[in-house]
Amino acid sequence: MSVKNIAILFSGNGSNLEAILNKVHNKTFGNTTIKCTLCISNKPDAYGIIRAKKFELDTIIIENKNFKTREDFDKALVDEIQKYDIDLVVLAGFMRILTPVFTSQIKAINLHPSILPLFKGAHAIKESFQSEMMVGGVSVHMVSEELDGGKIIAQETFKREKNMSLEKWEEKTHSLEHEILPQSIINLLTE
Ligand code: GRF
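Rules used throughout
- Per chain, the residues get numbers from 1 upward, laid out in the order the sequence is written.
- Whole-chain, interface and lining totals are the exception, using all residues; otherwise, since this is a predicted model, local features are given only for residues with pLDDT of at least 70 and side-chain atom pairs are given and counted only at 80 or more.
- The side-chain values count all of the structure's non-hydrogen atoms but skip hydrogen atoms and water molecules.
- UniProt positions are given in the numbering used here, feature names are shortened, and annotations may be inferred rather than shown by experiment.
- Here a strand is any run of E in DSSP of at least two residues, a helix any run of H or I of at least four, and the numbering for each starts at the N terminus.
- Note on classification: 1.4 Å probe, protein chains only; a residue is buried when its accessible area is under 20% of the maximum for its type, exposed when over 50%, partly exposed between these limits.
- Residues are treated as being in contact if the distance between any of their heavy atoms lies within 4.5 Å.
- Salt bridges are counted wherever a side-chain nitrogen of Lys or Arg sits within 4 Å of a carboxyl oxygen of Asp or Glu.
- Neighbouring residues are identified by heavy atoms, a residue being near a molecule or strand if any of them is within 4 Å of it.
- We define a polar contact as two N or O atoms separated by no more than 3.5 Å, with the added condition that, inside protein, one atom must be a possible hydrogen donor and the other a possible acceptor, whereas residues neighbouring each other in sequence contribute only through side-chain atom pairs.
- With a 1 Å grid spanning the protein atoms alone, the term cavity applies to any set of points in which a 1.4 Å probe fits but cannot get out, the term pocket to an open set with protein on both sides within 12 Å along at least five of seven lines, and the term lining residue to any residue with an atom within 4 Å of a point.
- Assignment of a molecule to a cavity or pocket requires that more than half of its atoms lie within 2 Å of the corresponding grid points.
- All residues other than Ala, Val, Leu, Ile, Met, Phe, Trp, Tyr, Cys, Pro, Asp, Glu, Lys and Arg, Gly among them, are scored as polar; the first ten of these are nonpolar and the last four charged.
- To pair, rings of Phe, Tyr and Trp, with the six-membered ring standing in for Trp, must have centres within 6.5 Å; the planes then decide the type, stacked if under 30 degrees apart, edge-to-face if over 60, and tilted in the middle.

Per an unreviewed UniProt entry, the protein carries the name Phosphoribosylglycinamide formyltransferase and comes from Campylobacter sputorum subsp. sputorum. In the Pathway (unreviewed entry) part of its UniProt record, the protein is described as follows: "Purine metabolism; IMP biosynthesis via de novo pathway; N(2)-formyl-N(1)-(5-phospho-D-ribosyl)glycinamide from N(1)-(5-phospho-D-ribosyl)glycinamide (10-formyl THF route): step 1/1." The record held by UniProt for the protein lists under Catalytic activity (unreviewed entry) the comment "N(1)-(5-phospho-beta-D-ribosyl)glycinamide + (6R)-10-formyltetrahydrofolate = N(2)-formyl-N(1)-(5-phospho-beta-D-ribosyl)glycinamide + (6S)-5,6,7,8-tetrahydrofolate + H(+)".

As structure tokens, this is what we get:
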């Protein structure tokens, strides 16, 4: 029996954080038990902090605004993560661009609300909705220094319905996200 520790980094609402905690935290898959050992937010008012509390998990706040450079902020993240025996870092709505200070030292995955490499960046849901694509989707990828650019490890898609609204598109996107991210963690840590 082995225990694998994950760290979850988030910035806001935290619905993906909650999906991971529900589906993965303190659960055993084959011979592997996965534990969320560390939660970090760069925003002190992120709603995810309250969600984590429901699972008796405290969130460490590391505010990017308190650091002069991206590199200094990334070093503070790395220092915190390295205090624990973390097997995988999960970016679940963590809205920061990470530098090589982080990416060269930390094995991490990121969730993105589009079919990468299409619609990189912060407006992926709206841009994919406004495109002519007949499908939308979500991706999980390894984190590299290129924004939304590391190796893709999982993708799921949904079909555009007739007269689909942006709200429905968002809802479909998020419901796929809540499945694909927990499953990617399980796959990576139990393979
Ligand atoms: C998700 O759509 C994720 O793909 C994007 O930010 C959103 C975070 O949502 N990077 P939540 O905070 O997990 O609810």
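Below, the discussion takes up unusual backbone geometry. Residue Pro 117 is bonded to the preceding Leu 116 through a cis peptide linkage, with omega at 10 degrees. Mapped onto the elements of the fold, Pro 117 is located in the loop between β6 (108–112) and α5 (124–130). Positive phi values are uncommon outside glycine, yet Phe 119 reaches one of about 60 degrees. Its location among the elements puts Phe 119 in the loop between β6 and α5.

Position of Arg 51 relative to the elements: it lies in helix α2 (residues 48–54). Judged by its relative accessible area of 13%, Arg 51 falls in the buried class. What Arg 51 contacts, discounting residues up to four positions off in sequence, is Asn 13, Gly 14, Ser 15, Leu 17 and Glu 18.

Time to look at the pattern of salt bridges. Per the counting criterion, the structure on display carries 10 salt bridges. A salt bridge links Arg 51 to Glu 18, with the shortest nitrogen-to-oxygen separation between them at 2.8 Å. Of this pair, Arg 51 sits in helix α2 while Glu 18 sits in helix α1 (residues 15–23), and the two are 33 residues apart along the sequence. Close ionic contact of Lys 168 with Glu 161 constitutes a salt bridge, the shortest N to O distance being 3.7 Å. The exposure class of Lys 168 is partly exposed, given its relative accessible area of 31%. Note on Glu 161: relative accessible area 35%, which makes it partly exposed. Here the salt bridges do not stand alone but share partners, grouping Glu 18, Arg 51 and Lys 54 into one network.

The ligand sits among Asn 13, Gly 14, Ser 15, Asn 16, Gly 93, Leu 111, Pro 113, His 174 and Glu 177. In the environment of the ligand, an oxygen atom lies 3.1 Å from a nitrogen or oxygen atom belonging to the side chain of Asn 13. Residue Glu 177 places a side-chain N or O atom 2.4 Å away from an oxygen atom belonging to the ligand. Put simply, the ligand lies in the largest pocket. At the level of elements, α1 and α6 (166–190) are the ones that each hand at least two residues to the shell around the ligand. Class assignment for the residues of the shell around the ligand results in two nonpolar, six polar and one charged.

The tally for this structure, following the rule as stated, stands at four aromatic pairs. With centroids separated by 4.9 Å and ring planes inclined at 75 degrees, the aromatic side chains of Phe 158 and Trp 169 adopt a geometry described as edge-to-face. Taken together, the residues Phe 158 in strand β8 (residues 152–159) and Trp 169 in helix α6 connect sequence positions 11 residues apart. The pair Phe 158 / Trp 169 is uniform in exposure class, with both members buried. Three or more aromatic residues joined by ring pairs make a cluster, and in this case those are Phe 67, Phe 73 and Phe 94.

Bringing the UniProt feature "active site" (unreviewed entry) in the protein into the picture now. Within this structure's numbering, the places UniProt gives as "active site" (unreviewed entry) are His 112. Owing to a relative accessible area of 3%, His 112 belongs among the buried residues under this scheme. Ignoring anything within four residues of it in the chain, the contact list for His 112 reads Phe 119, Lys 120, Gly 121, Ala 124, Val 138, Ser 139, His 141, Asp 148 and Glu 177.

Attention now moves to the environment of Glu 167. Relative to the assigned elements, Glu 167 resides in helix α6. Here the alpha-carbon distance between Glu 167 and Phe 129, two residues 38 residues apart in the chain, equals 9.8 Å.

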